[in-house]
Amino acid sequence: MKKFKFIDLFSGIGGFHQAMENLGGECVFASEIDSHCIETYYNNYKIDANHNVRGVAAEDIPVHDVLCAGFPCQAFSKAGYQKGMSDTRGTLFFEIERILKHHKTKYIILENVRNLVSHDQGNTWKTIHSHLKALGYRLTPVPIIISPHQFGIPQLRERVVILGIYDPENANKDLQITFDNLLGKDENSIYTVLDDGKVDDKYYISEKEEYVINAWDEFYKGIKETVIGFPIWAEYFKDKDAEEDFPEWKKEFIRKNKSLYQLNKKFIDSWLKKYNNLNDFTPTHRKMEWQAGNKINSLWEGVIQFRPSGIRVKTPTCFPALVAMVQIPIIGKYKRRLTVREAARLQSFPNSFKPDADDHQAYKQFGNAVNVMVIEQAARKLFDY
Ligand SMILES: C[S@@+](CC[C@H](N)C(=O)[O-])C[C@H]1O[C@@H](n2cnc3c(N)ncnc32)[C@H](O)[C@@H]1O
């Protein structure tokens, strides 16, 4: 598609904007209610996105060829309340419907969390699908689920993308859009988005964090097992037992920890002694989740996250999904956290993008954004159809 006009609803910091611009699009309207996102949007695109979708009259939105909307996902995300369409945020979909009714926009690209598909036993998707069809849109029969890692961006982030073409006469015919040559998650490398030189001091881990990681690294190298399929809970090696009312899965993990201890008793006793029985460790630092199979030999070769459930270690092939508010991953090899610029690259934003000056806001905004590459790839398929 040559020159075209698009609108960016629930625009965030403009993941859709980036993708559409890369394909030759011009943004004629954006809508966002978060003041920090509005500011970042303005700083980058010189467009005032300060409009609540609910309050915008469809007639006031300029004519456009493509409607983009990454509608809020809290109501659909597993972490949310699972209320879906009955949650008022879920009903924001109907604002999109209202705008489409008026504009009969040629192309639509919607994005949401993966859980949208299974939500309410598939009824949420069915509702969205049937409402769009009734408006005259040709759609794929099943939602498209894609992730940046499939296109060579080292982030595992499965999202639903809904593509539609306004074609009332053929709305009953399915759109057949598929993707070829997709990569597996182990065919990626985190180093493709990382700066290998020195970064700002604030990103480096603290001495305490380094000490804790070193302790667990010694532990991992000292025990006989290389693949550990359960969380390591040091407090259950010997001193404590499972309690009666623990769920069975928890009792099973505790049995496995006790058995691991017995099989490696001599080493673990000396390790515990060296680290003062982990008495100086916080409770979450006394747990380790090895999720790297036998692909790496040391914590320092992996991606590490300090999580409430413990210190999680993964292979350096893919980052976990960058989501709002969670623990920023540590790159073992560099002994530091992912920088804001690298978080931008994980979402395929260009190096010229100006992030929010506050790191906390910036990570949150990138975590909420749509991956630019994913939308660009999906949009190409749609426009070529
Ligand atoms: C999942 S994020 C979309 C992110 C965006 N696609 C991007 O690439 O940055 C949803 C956004 O919708 C915004 N939002 C929620 N309710 C809204 C409303 N009524 N009108 C406009 N924006 C809204 C939120 O503030 C949030 O930034």
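Scoring rules and cut-offs
Residues numbered from 1 in each chain as written. Predicted model: local features only at pLDDT ≥ 70, side-chain atom pairs only at ≥ 80, totals over all residues. Helix = DSSP H or I, 4+ residues; strand = E, 2+ residues; numbered from the N terminus. Buried ≥ 20, exposed ≤ 12 C-beta atoms within 10 Å, placed from the backbone. Contact = placed C-beta atoms within 7 Å. Core = buried A, V, L, I, M, F, W, Y, C linked by C-beta atoms within 7 Å. Domains from an automatic or database assignment. Near = placed C-beta within 6 Å. Nonpolar A, V, L, I, M, F, W, Y, C, P; charged D, E, K, R; others polar. Pairing = 2+ DSSP bridges. Expected span 1.5 Å × (residues − 1). Axes fitted to C-alpha atoms, helices over the stretch in contact; angles between N-to-C directions. Parallel < 35°, antiparallel > 145°, perpendicular 65-115°, else oblique. Left-handed = near helix turned anticlockwise from the far one by under 90°.

On to the overall build of the protein. Of the regular secondary structure elements, the protein holds 10 helices and 15 strands. With the principal axes as the frame, the protein shows a C-alpha extent of 75 × 45 × 40 Å. In the protein, which comprises 385 residues, the proportion classed as buried is 41%. Sequence-distant contacts, at least 24 apart, represent 67% of the contacts inside the protein between residues at least 6 apart.

Further remarks concern the nonpolar core. Counting 93 residues, the largest nonpolar core has Leu 67, Cys 68, Ile 109, Trp 216, Ile 375 and Ala 378 as its most contacted members. Counting residues per element, this core draws most heavily on helix H10 (residues 372-384), at 8 residues. No fewer than three residues from each of domain 1 (4-182 + 353-384) and domain 2 (196-338) sit in this core. Leu 67 has contacts with Ile 7, Leu 9, Ile 99, Leu 100, Thr 105 and Ile 108, leaving out every residue within four places of it along the chain.

Here the focus is the environment of Pro 283. As for its position among the elements, Pro 283 is in the loop between helix H7 (265-274) and strand E10 (287-291). By C-beta crowding, Pro 283 is classed as exposed, having 11 other C-beta atoms within 10 Å. Separated by 231 residues in the primary sequence, Pro 283 and Asn 52 have C-alpha atoms spaced 43 Å apart.

With that settled, consider the site of the ligand. In the neighbourhood of the ligand, 21 residues make up the surrounding shell, with Phe 10, Gly 12, Gly 15, Gly 70 and Ala 369 lying closest. Taken together, the residues of the shell around the ligand sort by class into 10 nonpolar, 8 polar and 3 charged.

The next subject is the domain arrangement of the protein. Assigned domains of the protein: these are domain 1 (4-182 + 353-384) and domain 2 (196-338). Once you take the C-alpha centre of each, domain 1 and domain 2 turn out to be 37 Å apart. The interface is formed by 10 residues belonging to domain 1 together with 10 residues belonging to domain 2. Looking at the side of domain 1 that touches domain 2, the element that brings in the most residues is helix H9 (residues 359-368), giving 5 residues. Its residues assigned to classes, the side of domain 1 that touches domain 2 comprises 4 nonpolar, 4 polar and 2 charged.

Position of Ser 206 among the secondary structure elements: in the loop between strand E8 (159-166) and helix H5 (207-222). Ser 206 gets classed as exposed once you count the C-beta atoms within 10 Å, which come to 8. Spatially, the C-alpha atom of Ser 206 lies 44 Å from that of Thr 91, the residues being 115 residues apart in sequence.

All right, on to the sheet that holds strand E12 (residues 310-314) then. One open sheet holds the 6 strands; their spatial order is E9-E10-E12-E11-E14-E15, and the pairing between them is mixed. Every other strand in the sheet has two partners, leaving strand E9 (232-233) and strand E15 (336-337) as the edge strands with one partner each. Judged from the 2 bridges that link them, E9 and E10 form a sheet pairing that is antiparallel. The residue of E10 that forms the bridge with Ile 232 is Met 288.

Right, let's talk about helix H4 (residues 123-134) for a bit. Counted at 1.5 Å a residue, the expected span for H4 with its 12 residues is 16 Å, and the 16 Å between its end C-alpha atoms agrees. In the core, the buried residues of H4 are packed alongside helix H3 (92-103), strand E5 (137-139) and E8. Just beyond H4, the residue with positive phi is Gly 136, at close to 110 degrees.

Another aspect to go through is H5. An ideal rise of 1.5 Å per residue puts 22 Å on 16 residues; H5 measures up with 22 Å between its terminal C-alpha atoms. Every buried residue of H5 is listed here: Val 212, Ile 213, Ala 215, Trp 216, Asp 217, Phe 219 and Tyr 220. In this fold, the buried residues of H5 make contact with H7, E10, strand E11 (303-307) and E12.

Before going further, it helps to spend a moment on unusual backbone geometry. With a phi close to 55 degrees, Lys 46 is a non-glycine residue in the positive phi region. Topologically, Lys 46 is positioned in the loop between helix H2 (35-45) and strand E3 (66-69).

With that settled, the discussion passes to the packing of helix H1 (residues 15-22) against H10. For the pair H1 and H10, the least separation of the axes is 8 Å and the interaxial angle reads 45 degrees. Compared by their axis directions, H1 and H10 come out oblique. Where H1 crosses over H10, the handedness of that crossing is right-handed. Judged by residue contacts, Gly 15, Phe 16, Gln 18, Ala 19 and Asn 22 of H1 engage Val 372, Ile 375, Glu 376 and Ala 379 from H10. In the contact of H1 with H10, the residues fall into 5 nonpolar, 3 polar and 1 charged.

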